[in-house]
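# What the coordinates show
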Amino acid sequence: SASVAEVIGAVLKLAKPLAQAAGVQIECDLAESLPPIAGQLPIARQALLNLLTAAVQLVPGGHVGVTAGVQSGGVGVHVRAAKPSVSHSGPLAGESQTAEPLEMANQFATLLGGTLQLADQLAAGEEFAATLTLPMTEQVEVLVIDDNVDTLRLMQRYLVGTRYRFIGARDPEEALALVQSQPPRMIVLDVMMPGIDDWELLGRLRTHPQAGAA
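Quick caveat, the model's predicted, so the values are computed rather than measured.

It is worth spelling out the pattern of salt bridges at this point. With the rule as written, the count across this model stands at three salt bridges. For the salt bridge of Glu126 with Arg80, the shortest nitrogen-to-oxygen distance reads 3.0 Å. Of this pair, Glu126 sits in strand E5 (residues 126–134) while Arg80 sits in strand E3 (residues 74–82), placing them 46 residues apart in sequence. Owing to a relative accessible area of 17%, Glu126 belongs among the buried residues under this scheme.

If you want it as structure tokens, here you go:
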């Protein structure tokens, strides 16, 4: 597994010479706390590189935007290509020039267990839009129970970009409600919280039908 930022960052370095030769500006804006992606990482990088190649070829002198976010089935990497605001001297690539890299990207996505979808409807000024969905590492829900807000924030920060999804609670009632609504796979409990019988809470968690296996 690897972080989405690492994979995209490596591909952008590879695509930089092609973009510079075509006068294309590539911008990347990733959502925070994206889960890691899983699978054969070289294939994931190659799929994205082929997708970027097609986008750059379509809009010489233009702009390519890369974003990513969690969606059904995995992490979606969205690539959009816009024509330059003023006419560019270089010719736009035809379908024949972009068909091969897109077909390769689709094949690599299938090998990974992901998908490649081309947008039917484009925004104003756009020449191309596609989403490469990459499988993400299975998420493990971790419930952290602590009355100290700073401790909760620190734990949340530690888990950013890992396969563990943070769920925080500051008191027993909130914790039990979260266990009911979002059953965790793991529970971290501060047994020295003031004014609370933490061992009683631990006993209730152990016998709770939604938390017994955590």
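Now that the structure is up, let's keep going.
Here we come to the side chain of Asn50. Mapped onto the secondary structure, Asn50 falls in helix H2 (residues 41–58). From its side chain, Asn50 meets the backbone oxygen of Gln46 in a polar contact 2.7 Å long. Ignoring anything within four residues of it in the chain, the contact list for Asn50 reads Pro101, Met104, Ala105 and Phe108.

In terms of nonpolar packing, the biggest core is built from 41 residues, with Leu48, Leu51, Val64, Val79, Phe128 and Leu132 touching the most fellow members. Only helix H1 (4–22), H2, strand E2 (63–71), E3, helix H3 (95–112) and E5 provide two or more residues apiece to this core. Looking at this core, the element that brings in the most residues is H2, giving 12 residues. Grouped together as the second largest cluster of nonpolar side chains are 11 residues, Ala169, Leu178, Val179 and Leu201 included.

Let's shift gears to the sheet that holds strand E1 (residues 25–30). Strand order across the open sheet formed by five strands is E1-E2-E3-E5-E4, with mixed pairing between neighbours. Only two strands of the sheet have a single partner each, and these edge strands are E1 and strand E4 (115–118). Neighbour-to-neighbour, the strand axes of this sheet turn through a mean angle of 20°, independent of strand direction. Bridge count between E3 and E5: eight bridges; the pairing is antiparallel. Residue pairing for E5: His78 is matched across the bridge by Thr131. Sheet contacts for H1: E1, E2 and E3; angle to E1, the most-contacted strand, approximately 175°. In the packing of H2 onto the sheet, contacts are made with E1, E2, E3, E4 and E5, and the angle to E5 comes to roughly 175°.

What the three strands build is an open sheet, ordered E7-E6-E8; its pairing is parallel. Both outer strands of the open sheet, strand E7 (164–169) and strand E8 (186–189), are each paired with one neighbouring strand and no more. If you compare each strand with its neighbour and ignore which way they point, the axes differ by 20° on average. Helix H4 (residues 149–159) contacts strand E6 (140–145) and E7 of the sheet and is inclined by roughly 170° relative to E7.

About the cut-offs
- Residues numbered from 1 in each chain as written.
- Predicted model: local features only at pLDDT ≥ 70, side-chain atom pairs only at ≥ 80, totals over all residues.
- Heavy atoms only, no water.
- Salt bridge = Lys/Arg side-chain N within 4 Å of Asp/Glu carboxyl O.
- Helix = DSSP H or I, 4+ residues; strand = E, 2+ residues; numbered from the N terminus.
- Buried < 20%, exposed > 50% of the residue type's maximum accessible area, 1.4 Å probe, protein only.
- Polar contact = N/O pair within 3.5 Å; in protein donor to acceptor, adjacent residues only side chain to side chain.
- Contact = heavy atoms within 4.5 Å.
- Core = buried A, V, L, I, M, F, W, Y, C linked by side-chain atoms within 4.5 Å.
- Pairing = 2+ DSSP bridges.
- Axes fitted to C-alpha atoms, helices over the stretch in contact; angles between N-to-C directions.

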